[in-house]
Amino acid sequence: RLYLPAIVGQDAEWGAMHISSSSKVETPQAEGSKSGERILVVDDEEVLLDATCEQLKRLGYRVMKSALPAEALDQLRTQPFDMLFSDVTMTGMSGIELAKQAIVLQPGIRVVLMSGFAAEALHTDWPILEKPFSRSQLGQIVRLAFSEPM
């Protein structure tokens with residue numbers, strides 16, 4: 001099992017769901033991808049990167065991964081993605097800066113961030129999944145991000 005958090009609040013500006021590992025809220029089983037959306041997962045912690053990718057694959061998503069933000073930018077320059085799913089705190093570039101550059105390269109890309117820090121402290125309009133989180137929580141926040149209007 002991978003335990004990485006439940007919905008604790010909603011950002012009124014973006015409608016982003018913040019998911020916290022400390023929440024005890026029961027969440028329904030999240031649906032997976034219905035159309036094989038492509039997700040680029042970026043995390044400099046290789047164990048978490050591999051575990052997150054595996055869970056997203058099990059939910060039906062097509063997944064590419066990168067442990068380095070610079071490498072992720074190269075992938076974004078050469079391949080289309082439906083979503084960037086990135087850790088916030090990484091060596092070389094923050095996930096927030098990576099997300100900003102991803103949107104310049106691919107204007108229609110969705111962004112979900114993950115962090116070991118409290119979502120409220122990060123001051124971003126993108127949805128944030130707090131570590132650790134479960135596969136259900138991962139699936140839920142990804143589906144919510146795909147369902148939000150652009």
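Since this is a predicted model, take the numbers as computed values, not measurements.

Turning our eyes to something else, we now look at helix H4 (residues 135–147). Compared with an ideal rise of 1.5 Å per residue, which puts 13 residues at 18 Å, H4 spans 18 Å between its outermost C-alpha atoms and is within 8% of the ideal. Among the residues making up H4, those that are buried are Ser136, Gln137, Leu138, Gly139, Gln140, Ile141, Val142, Ala145 and Phe146.

Another aspect to go through is the packing of helix H2 (residues 69–78) against helix H3 (residues 95–105). One way to put it is that H2 packs onto H3 with a least axis distance of 10 Å and a crossing angle of 15°. Compared by their axis directions, H2 and H3 come out roughly parallel. Considering the relative orientation of H2 and H3, their crossing is right-handed. Contact residues: H2 offers Pro69, Ala72, Leu73, Leu76 and Arg77, while H3 offers Leu98, Gln101, Ala102 and Leu105.

The next point concerns the packing of aromatic side chains. Both the distance between ring centres and the angle between the ring planes are used here to describe each pair of aromatic rings. The full count for this structure, using the stated rule, is 2 aromatic pairs. Between Tyr61 and Phe146 the ring centres are 6.1 Å apart and the planes differ by 25°, which places this aromatic pair in the stacked class. In this pair, Tyr61 is assigned in the loop between helix H1 (46–58) and strand E4 (62–66) and Phe146 in helix H4, connecting sequence segments 85 residues apart. Its relative accessible area of 4% is what places Tyr61 among the buried residues. When the centroid spacing of 6.4 Å and the interplanar angle of 80° are considered together, the rings of Phe85 and Phe133 count as edge-to-face. Pair noted here: Phe85 is in strand E5 (residues 83–87) and Phe133 is in the loop between strand E7 (128–130) and H4, with a separation of 48 residues, a long-range link. The cationic tip of Arg38 hangs over the ring face of Phe81; the distance from NZ or CZ to the ring centre is 4.8 Å.

The rules behind these values
Residues numbered from 1 in each chain as written. Predicted model: local features only at pLDDT ≥ 70, side-chain atom pairs only at ≥ 80, totals over all residues. Heavy atoms only, no water. Helix = DSSP H or I, 4+ residues; strand = E, 2+ residues; numbered from the N terminus. Expected span 1.5 Å × (residues − 1). Buried < 20%, exposed > 50% of the residue type's maximum accessible area, 1.4 Å probe, protein only. Axes fitted to C-alpha atoms, helices over the stretch in contact; angles between N-to-C directions. Parallel < 35°, antiparallel > 145°, perpendicular 65-115°, else oblique. Left-handed = near helix turned anticlockwise from the far one by under 90°. Contact = heavy atoms within 4.5 Å. Phe/Tyr/Trp six-rings, centres within 6.5 Å; stacked < 30°, edge-to-face > 60°. Lys NZ or Arg CZ within 6 Å of the ring centre and 35° of its normal.

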